[in-house]
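Breakdown of the fold
Letter by letter, the chains look like this.
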Amino acid sequence: MAGTRALAFLGGVVAVSGMSPSTMRLSRAVLARGMLLAAATPPPSPLAVPPAHLALELGRRTFGRTLTTAAIGSLLVPPSALAALGAAAPTLAAAAMKTRVFEVRTPALELRQFRALLLPNGLRVLLASDKEAERAAAALCVRAGYFDDPAGVPGLAHFCEHMLFLGTSKYPAEDSFDSFINSAAGANNAYTASESTCYYFDVDAPRLPDALDRFAQFFVKNGPLFTPAATSRELNAIESEHSKNLQQDSWREQELLKLVSRRLSQQTEKSVVSEPHPYAKFGTGNKRTLSEEPERGGVDVRAELLKYHSSKYTAERMGLVVVGEKSLDELQRLVEGSFSAVPTSPSGVPSDAPSPILRGAAWGDAGGAGDPARNSWEPGMPAPGPFGPLAAIGLPPIAIRGGPPVLCYVPVSANTQSLSLTWAVPTPVDSLVKPDYLLRQLLTRRDEGSLWSVLRARGLATDVGAYAVDEFGQCALFRVAIELSDKGVSCWREVADLAHAHLGWLRATAADSKAAATFFADAERLASIGFEYAERSEPSSISESLSAQLFDYAPVDYFAGPATLRAGRASALAVPALLQALAPESVVTLLGAKKIAEGAKLVEPIYGTHYTELDGKSLLASTLKASKRAASLVNNGGGPKLNFFYPPKNEYLPSGAALVLKTADNEKVLSARFARSSAFSSLLPVEFKPRSPEGPWVVSESPGLRVHFAPLPRFNRPFASVRALLGSSLVRARGAEGGVSAKLWAALLSERLERSLNSAF
């Protein structure tokens, strides 16, 4: 088609170059047909605009909007003007496109209306219309974070986040945005992550149009002022935030991992690379990194801010979520009016439909689709990881050179006694495939046969957590965090051995065990139920949580994607590959315990954390032995000796029949349904006594006990809430001792119920 357009255009030009007037008239008709074909056939890419289209555009602008006059004028376009128009091709192409509209998958009971948009400039949008909302909210996430900080100015992305609130060209007062939000009874905030920066606010619903207009000025070209005075003052806010973080063990632990990353990520199988992984960057920055050191190096920080904003804050990198009381059409007009002016980068090609953006372009740069780093992650090839080379999904992990590090640090809080195991793991390209979700369900169980129950029985731990602490590129940091008891601190190596034994047992059973398959099926079913019957969220919660997710899913899944899994057991089938990556050879172990780290000589330079390095090789030998022994026992039929086992099928998962009680329309029907339930048969000696059309119904009444039941059919959700109010005169009669005893008894009962009813929660 490109050749057809060019030939049509050239045919018209050759015809116009004829000499006689009659031939000129005929040639003008040929030219018009050629121009019509060229104008009617869109270029293959909005950026690949051929000279014919550019010349025609200038002809239209100069000589008129008819095809004939535009075509004649296009012949007179000088090369310099054509080159200038070529530079503006992305803007012209975006202007020529219309907003694309997409349907969004929602639960059957969802009362709000949703719509996905792709603006002509490439900005992704999710709209939610809630007629009953008294509040309105919006959030915009930019796919650029501290990974994109220039080498000489750590914390620049975070600094840019702060500066956008301090005045724009349209609203120049430094407190303009905050004052407006406060006047609208609202709140606002922002955060900077590794590959994204998110801004969000909520206001009284009628104030949304004005709030969106002010909000959009953060992102339009030459919108933020970045005044020298505000830039200088805001450094103090950055420094204050950093000082606050100094007193939090979570920040200190993260910086220790970055310290490890700076050392390990520069190592490859054959050589040492020049730059560490961007995870090692000091993401928040402080006055030293944003003022003192750049000044000594001759770096103009304000100029760097302007450069960063103009290059990173472009429409194709942005996802916007707006929730309000207005109709979808009204919300769309508001968004188009405010955000269509956000510029598109020269390399950002708007498309007809937004595909999920793969993470992990050049060191976190989420640039255009043509970024060569996007194609660097090929099956079977190691990729750069925060702790060294990272094997692709399904391949054995690459051992950390020199042995897995073990660091013990002095925590700030006297209550911190923890052991954390952190791995860099590859992640599926398909965001709906979530093996980490299923593995978290396994590792954080609190029933019999779980890691928690084994550690608890030995008095070694009080809690076990598992989660992805960060995601960047096609990589995530997966962590198992164990809160230690006093005994657990002294026996932390035993805790590490048990944790790796549990992972070894899972590796040996997750792929083939029927019990594992049952557990995964139940977990996927539970996730589906959680989405289909979710309670209504506040507008601010929807916008803030979903804005960062728009890059990961197709428009139809903007709302459902973060809460659901790909159908067909894809996530369950990916769990063994994830477990394979959680090997003793590739883990970074952090122990937070004052008793062990006391007298530590090493100091982490940014947070001043005192730490010591322990013998990683001896720990590796021990954890490898524990992991292999667990797998061997399973393979030889000795699994029960480990005290690890999967739970039985979840009997608390609702079925279609379970909704009958909620849809009963009168007392007799409800009574009959209730009577046929063996689980409640013992509660039926007393007649149903309705106290309102929806209950509560008294289903059992005897001396010292009354049981109520309320079906609440209007909610139409398969959930139950059981609350027991227990009273005893003995508690009050024994005074303070009775009160303490009652609290202790309640805590013990709660732990016992949590263990036996874990599947019901």
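Please refer to the structure higher up on the page.
Figured I'd write up the structure that's included with this text. The structure presented is a predicted model; accordingly, all values stated were derived computationally and were not measured.

Let's shift gears to the sheet that holds strand β12 (residues 588–592). Pairing between the strands of a sheet is mediated by backbone hydrogen bonds and can be parallel or antiparallel. Taking strand neighbours across the sheet as the criterion, the seven strands line up as β10-β11-β9-β12-β8-β14-β13 in an open arrangement whose pairing is mixed. Strand pairing shows two members of the sheet lacking a second neighbour, β10 (461–472) and β13 (602–603), which therefore form its edges. Note: strand β9 (residues 418–426) against β12, five bridges, orientation antiparallel. Its bridge partner being in β12, L421 is matched across the sheet by T589.

On to helix α13 (residues 301–312). Within an α-helix, residues lying three or four positions from one another point in the same direction, as the helix has 3.6 residues per turn. Here α13 contains 12 residues, and its C-alpha end-to-end distance of 16 Å stays within 8% of the 16 Å for a straight helix at 1.5 Å per residue. Contact partners of the buried residues in α13: β4 (135–142), α7 (156–163), α10 (228–245) and α12 (287–296). The backbone nitrogen of R302 has a side-chain oxygen 3.1 Å away, supplied by the residue at the start of α13, namely D300.

A word on unusual backbone geometry. Even without glycine at this site, A185 takes up a positive phi of about 55°. Residue A185 is classed as partly exposed on the basis of its relative accessible area, which comes to 44%. At R569, a residue that is not glycine, the phi angle is positive and equals roughly 65°. Tracing the sequence through the fold places R569 in the loop between α20 (539–547) and α21 (570–581).

What follows is about the environment of R302. Along the polypeptide, R302 turns up in helix α13. Taking the C-alpha atoms as reference points, R302 and L290, separated by 12 residues in sequence, lie 9.9 Å from one another. Not counting the four nearest positions on each side in its chain, R302 is found in contact with L225, F226, T227, P228 and T231.

Turning our eyes to something else, we now look at the packing of helix α15 (residues 435–443) against α21. Between α15 and α21, whose axes approach to 8 Å, the crossing angle comes to 75°. In terms of orientation, α15 lies roughly perpendicular with respect to α21. Residues P435, D436, L438 and L439 of α15 form the contact with α21, whose participating residues are S571, A572, A574, V575, L578 and L579. Split by residue class, the contact of α15 with α21 holds eight nonpolar, one polar and one charged.

Judged by pairing direction, the sheet is mixed, and its seven strands sit side by side in the order β1-β2-β3-β7-β4-β6-β5 without closing on themselves. Lying at the two open borders of the sheet, with one neighbouring strand each, are β1 (100–102) and β5 (187–192). Going across the sheet, the axis of each strand differs from the next one's by a mean of 15°, ignoring polarity. In this sheet, strand β2 (residues 113–118) lies alongside β1 in antiparallel orientation, the contact comprising three bridges. Within the sheet, the bridge partner assigned to F102 lies in β2 and is A116.

Another point: the environment of E651. The residue E651 is located in the loop between α23 (616–635) and α24 (660–663) in this model. Relative accessible area serves as the criterion here: at 64%, E651 is assigned to the exposed category. Spatially, the C-alpha atoms of E651 and D522 are 9.5 Å apart, while their sequence positions differ by 129 residues.

Turning our attention to the pairing of strand β8 (residues 406–409). Side chains V406 and C408 project from β8 onto one buried face, and the interleaved L407 and Y409 project onto a second face that is buried too. Taken together, the three bridges between β8 and strand β14 (residues 610–613) define a ladder with antiparallel strand orientation. By the bridge assignment, C408 is partnered in β14 with T612.

What follows is about the side chain of T99. Along the chain, T99 falls in the loop between α6 (89–96) and β1. Among the polar contacts listed, one links the side chain of T99 to the side chain of E336, at a separation of 2.7 Å. Excluding its chain neighbours within four sequence positions, the residues that come into contact with T99 are L117, L118, L119, P120, Q332 and E336.

A word on the pattern of salt bridges. For the coordinates displayed, the defined rule picks out 20 salt bridges. In this structure, the salt-bridge partner of D130 is R536, at a minimum N-O distance of 2.6 Å. Taken together, the residues span a long stretch of sequence, with D130 in the loop between β3 (124–129) and β4 and R536 in the loop between α19 (514–532) and α20 at a distance of 406 residues. You can call D130 buried: its relative accessible area is 6%. The partly exposed category is assigned to R536, whose relative accessible area is 40%. Between R440 and D436 there is a salt bridge whose closest N-O contact spans 3.2 Å. One end of the pair is R440 and the other is D436, both in helix α15 and four residues apart, which spans about a single turn. One salt-bridge network, in which partners are shared between bridges, spans R135, D202 and D204.

Scoring rules and cut-offs
- Residues numbered from 1 in each chain as written.
- Predicted model: local features only at pLDDT ≥ 70, side-chain atom pairs only at ≥ 80, totals over all residues.
- Heavy atoms only, no water.
- Pairing = 2+ DSSP bridges.
- Helix = DSSP H or I, 4+ residues; strand = E, 2+ residues; numbered from the N terminus.
- Expected span 1.5 Å × (residues − 1).
- Contact = heavy atoms within 4.5 Å.
- Polar contact = N/O pair within 3.5 Å; in protein donor to acceptor, adjacent residues only side chain to side chain.
- Buried < 20%, exposed > 50% of the residue type's maximum accessible area, 1.4 Å probe, protein only.
- Axes fitted to C-alpha atoms, helices over the stretch in contact; angles between N-to-C directions.
- Parallel < 35°, antiparallel > 145°, perpendicular 65-115°, else oblique.
- Nonpolar A, V, L, I, M, F, W, Y, C, P; charged D, E, K, R; others polar.
- Salt bridge = Lys/Arg side-chain N within 4 Å of Asp/Glu carboxyl O.

Such coordinate-based values are descriptive only and should not be taken to indicate function.
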